[in-house]
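Take a look at the letters that make up each chain.
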Amino acid sequence: MQSKNKKAPTSSERIHIARIKGMDCVVCGASGPSECHEINQGQWFTSMPLCPDCHRGNLNGIHGQKRIWAVKKMDELAALNQTIETLLNDNCIL
Ligand SMILES: [Zn+2]
Ligand SMILES: [Zn+2]
């Protein structure tokens, strides 16, 4: 799913990515650091923290069969909504 010649993130994007990766998995709550999943490639401000299983797991991952996403009744926008709320509650966005 990763494109090979992705544009390098800008400095503000890198700060955001670091915050995302420091968060717990937004789907199952596994404690971070997490992987950063972009809904659309290269659009980092709509990315979210996922554990390896919820991200790339064959059964559970968003790039796999999305089983845990179905169990939690979540899609990418629901996960993004939760991610933004957590960022604001943690006072990470100032
Ligand atoms: Zn997870
Ligand atoms: Zn991903």
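Up top is the structure.
Every value quoted in this text rests on a predicted model; they were computed, and no experiment measured them. (Residues numbered from 1 in each chain as written. Chains lettered and ligands numbered in written order. Predicted model: local features only at pLDDT ≥ 70, side-chain atom pairs only at ≥ 80, totals over all residues. Heavy atoms only, no water.)

> Which parts of the structure should I look at to understand unusual backbone geometry?
Keep in mind that most residues, glycine aside, have a negative phi and that most peptide bonds are trans. Note that the residue after Gly 32, namely Pro 33, is joined by a cis bond; omega there is 0 degrees. In this structure, Pro 33 sits in the loop between α1 (11-21) and β1 (35-38). One non-glycine residue, Lys 66, lies in the positive phi region at around 60 degrees. Among the secondary structure elements, Lys 66 is positioned in the loop between α2 (52-56) and α3 (67-71). (Helix = DSSP H or I, 4+ residues; strand = E, 2+ residues; numbered from the N terminus.)

> Looking at this model, I keep getting lost on the coordination of the zinc ion (ligand 1). Mind explaining?
Of the protein atoms, only Cys 25 (SG), Cys 28 (SG), Cys 51 (SG) and Cys 54 (SG) coordinate the zinc ion (ligand 1), at distances of 2.3 Å. Bound by four donor atoms, the zinc ion (ligand 1) shows angles of 104 to 117 degrees at the metal and therefore tetrahedral coordination geometry. We note that the donor set of the zinc ion (ligand 1) lies within a single chain, spaced as C-x2-C-x22-C-x2-C. Here Cys 51 lies in the loop between β2 (47-50) and α2 and Cys 28 lies in the loop between α1 and β1, a separation of 23 residues in the sequence. Using a relative accessible area of 32% as the deciding quantity, one classes Cys 28 as partly exposed. Here Cys 51 falls in the buried class, since its relative accessible area comes to 10%. (Donors = N, O, S within 2.8 Å, 3.2 Å for Na, K, Ca; no water. Tetrahedral: all angles 85-135°; square planar, octahedral: opposite > 155°, others 65-115°. Buried < 20%, exposed > 50% of the residue type's maximum accessible area, 1.4 Å probe, protein only.)

Limitation: the analysis is restricted to geometry and does not speak to function.
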